[in-house]
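If you want the building blocks of each chain, they are given just below.
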Amino acid sequence: MPFRELNSKMVEATITPGQRLFSQRGAMLAYRGEVSFTPNIQGGQGGLGSMIGRRVANEATPLMTVEGSGTVLFGHGGHHIQVINLAGDTLYVEADRLLAFDGSLRQGTMFMGSQGGVMGIVRGQVSGQGLFTTTLEGHGAVAVMAHGGVIEVPITPQRPVHVDPQAYVAHHGDVRNKLSTALGWRDMVGRGSGEAFQLELSGSGAVYVQASEEKL
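Residues numbered from 1 in each chain as written. Predicted model: local features only at pLDDT ≥ 70, side-chain atom pairs only at ≥ 80, totals over all residues. Heavy atoms only, no water.

J.: Explain the overall build of the protein chain to me, please; I cannot follow it from the model alone.
T.: The helix and strand tally for the protein chain stands at 3 helices and 13 strands. Looking at the protein chain as a whole, 50% of its 216 residues qualify as buried. Sequence separation of at least 24 residues holds for 80% of the intrachain contacts in the protein chain that already meet a minimum separation of 6. Accessible surface, the protein chain: about 9900 Å² in total, of which carbon and sulfur atoms supply 51%. (Helix = DSSP H or I, 4+ residues; strand = E, 2+ residues; numbered from the N terminus. Buried < 20%, exposed > 50% of the residue type's maximum accessible area, 1.4 Å probe, protein only. Contact = heavy atoms within 4.5 Å. Areas by Shrake-Rupley, 256 points an atom, 1.4 Å probe, with all protein chains shown as cover.)

Pasting the structure below:
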């Protein structure tokens, strides 16, 4: 179910019978046709485990299930919207950045420490983002939100990418992440991001970076 970008802050989705998508509550701007919007207390397809992860990460806002026949306009808070098309791989994205996504995608929750070890945990605390991040896997489209526009930066085995943790939006592919810093362990904890902190992404894939460090 592709999203059509109307401008940098609005997308349109076509809903057909037998298909569905999930959206953040409050993301619907307008719609045409016979379309229904119902709260999804299980947080999409992740079930109870997904909801636990979202609650621990203070991301308990329920998703809306969108079904029927028609078209829907989505946007939220005037944020920039980036559409990401997945072709069987996995997208890692903070739950509060999700605007809407295909219901066919498998949703889960990953503990940041499982990818970045202790550094992954510290990255969550430094950036102000949760220790859990949402995963979306399969074939379909995802609309994510960011501040000031988004650029996709390729990650290759020969060229890892370093990103300010608060400028990070999402990434996909076979990618490892860790927080690197020029400061000692005691200096890292409790301090904000900046030039001293870098999220290092290595492997094969891409990372999406926003133009502003402002949080959603």
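J.: Where do I start with the packing of aromatic side chains in this structure?
T.: In total, this model carries 2 aromatic pairs according to the counting rule given. A centroid spacing of 5.5 Å and a plane angle of 40 degrees characterise the contact between F22 and F101, whose relative ring orientation is tilted. Taken together, the residues span a long stretch of sequence, with F22 in strand 3 (residues 20-24) and F101 in strand 7 (residues 98-102) at a distance of 79 residues. Relative accessible area serves as the criterion here: at 1%, F22 is assigned to the buried category. A ring pair is formed by Y31 and F37, whose centres lie 5.3 Å apart and whose planes are at 55 degrees; its orientation type is tilted. (Phe/Tyr/Trp six-rings, centres within 6.5 Å; stacked < 30°, edge-to-face > 60°.)

J.: Hey, could you run me through the environment of V169 in this one?
T.: Mapped onto the secondary structure, V169 falls in strand 12 (residues 168-181). Residue V169 is classed as buried on the basis of its relative accessible area, which comes to 0%. Sequence separation of V169 and A146 is 23 residues, and the distance between their C-alpha atoms is 6.9 Å. Leave out the neighbours within four places in its chain, and V169 touches Y92, V93, E94, R97, V144, M145, A146, Y208, V209 and Q210.

J.: I would appreciate a short explanation of the pattern of salt bridges in the present structure.
T.: Oppositely charged side chains can form a pair if their charged atoms are brought close together. All told, the structure shown has 3 salt bridges when counted by the stated rule. The residue R4 makes a salt bridge to E12 at a minimum N-O spacing of 2.9 Å. Residue R4 is classed as partly exposed on the basis of its relative accessible area, which comes to 48%. Relative accessible area serves as the criterion here: at 10%, E12 is assigned to the buried category. Across the salt bridge formed by R32 and E12, the nearest N and O atoms sit 3.1 Å from each other. Here R32 is found in strand 4 (residues 28-40), whereas its partner E12 is found in strand 2 (residues 10-15), with 20 residues between them in sequence. (Salt bridge = Lys/Arg side-chain N within 4 Å of Asp/Glu carboxyl O.)

J.: Which parts of the structure should I look at to understand the confidence of the model for the protein chain?
T.: Predicted coordinates in regions of low pLDDT should not be interpreted in detail. Confidence in the prediction of the protein chain, expressed as mean pLDDT, is 79, and 69% of residues score 70 or more. Taken element by element, the protein chain is modelled with least confidence in helix 1 (residues 47-56), mean pLDDT 45, and with most confidence in strand 2, mean pLDDT 96. A low-confidence stretch, residues 116-123 (pLDDT under 50), is modelled with 20 contacts involving residues beyond four sequence positions or located in other chains. Under a pLDDT of 50 for its full length, residues 126-130 has, in the predicted model, 21 contacts with residues more than four places off or in other chains. (pLDDT = per-residue confidence, 0-100.)

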